[in-house]
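# Remarks on the overall topology
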Amino acid sequence: MSQERGVQERPESREEDDRKVRRREKNRVAAQRSRKKQTQKADKLHEEYESLEQENTSLKREIGKLTDEMKHLSEVLKDHEKICPLLHCTMNFVTIPRPDALASCLPR
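About the cut-offs
- Each chain carries its own residue numbering, running from 1 in the direction its sequence is written.
- In keeping with the predicted nature of the model, local features appear solely for residues at pLDDT of at least 70, side-chain atom pairs appear and are counted solely at 80 or more, and the whole-chain, interface and lining totals rest on all residues.
- Computation of side-chain values covers all heavy atoms of the structure but excludes hydrogens and water.
- Here a strand is any run of E in DSSP of at least two residues, a helix any run of H or I of at least four, and the numbering for each starts at the N terminus.
- Burial status follows relative accessibility: with a 1.4 Å probe on protein chains alone, a residue under 20% of its type maximum counts as buried, one over 50% as exposed, and anything between as partly exposed.
- Accessible areas in this description were obtained via Shrake-Rupley with a 1.4 Å probe; residue shielding takes into account the shown protein chains only.
- Only residues whose relative accessible area exceeds 30% and that form no salt bridge are eligible for patches; like-charged ones are grouped when within 9 Å, while nonpolar side chains (Val, Leu, Ile, Met, Phe, Trp, Tyr) are grouped when within 5 Å.
- Whenever Lys or Arg places a side-chain nitrogen within 4 Å of a carboxyl oxygen from Asp or Glu, that contact is recorded as a salt bridge.
- When charges are tallied, Lys and Arg are placed among the positive residues and Asp and Glu among the negative ones, while His and the ends of the chain are skipped.
- Every charge is mapped onto a representative atom, which is NZ of Lys, CZ of Arg, CG of Asp or CD of Glu.
- pLDDT: the predictor's confidence for each residue, scored from 0 to 100.

## Side note on the overall build of the protein
Each helix and strand in the protein was counted, giving two helices and two strands. In the protein, the succession of helices and strands from N to C terminus is α-α-β-β. By the burial criterion, 3% of the 108 residues in the protein qualify as buried. Split by element, the accessible area of the protein, about 10,700 Å² in all, is 54% carbon and sulfur.

## Focus on a negative patch on the surface
Where like charges cluster on the molecular surface, the negative patch consists of Glu15, Glu16, Asp17 and Asp18. Mapped onto the elements of the fold, Asp18 is located in helix α2 (residues 11–83). Asp18 gets classed as partly exposed once you look at its relative accessible area, which sits at 37%.

## Overview of a positive patch on the surface
A contiguous patch of positive charge on the surface is contributed by Arg19, Lys20, Arg22, Arg23 and Arg24. Mapped onto the elements, Lys20 comes out in helix α2.

## Focus: the pattern of salt bridges
Applying the stated rule across the entire model yields two salt bridges. In this structure, the salt-bridge partner of Glu25 is Arg28, at a minimum N-O distance of 2.5 Å. On the criterion of helical spacing, the pair formed by Glu25 and Arg28 is a turn pair, its members being three residues apart in helix α2. The exposure class of Glu25 is partly exposed, given its relative accessible area of 38%. The salt bridge involving Asp79 is made with Lys82; its shortest N-O contact spans 3.9 Å. One end of the pair is Asp79 and the other is Lys82, both in helix α2 and three residues apart, which spans about a single turn.

## Structural notes on the confidence of the model for the protein
Per-residue pLDDT for the protein has a mean of 83; in total, 72% of the residues score no lower than 70. Ranking the elements of the protein by mean pLDDT puts helix α1 (residues 2–7) last, at 50, and α2 first, at 96.

Here you go:
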């Protein structure tokens, strides 16, 4: 009797099985598409990370160069201030009210 049940299939059961197979296939394809999209997103983020790391390294290098240049220019300015005649005005100069400090030391 059990063999007879296996041989006899109801049309609804066969349609349900076909529907399940189609649904599983559709789900499998959707899952593949989702995994592919997720992988592409991760790859894009990794590329962006690498690019930002390179930019960060370059900017740090530029900061170092600019810091060195600033130190050098500060030393040059300090050395110049020691010998600058405009910063060491003598009494033979008349002070005239002017907007900038260096213009206040003018010869008579």
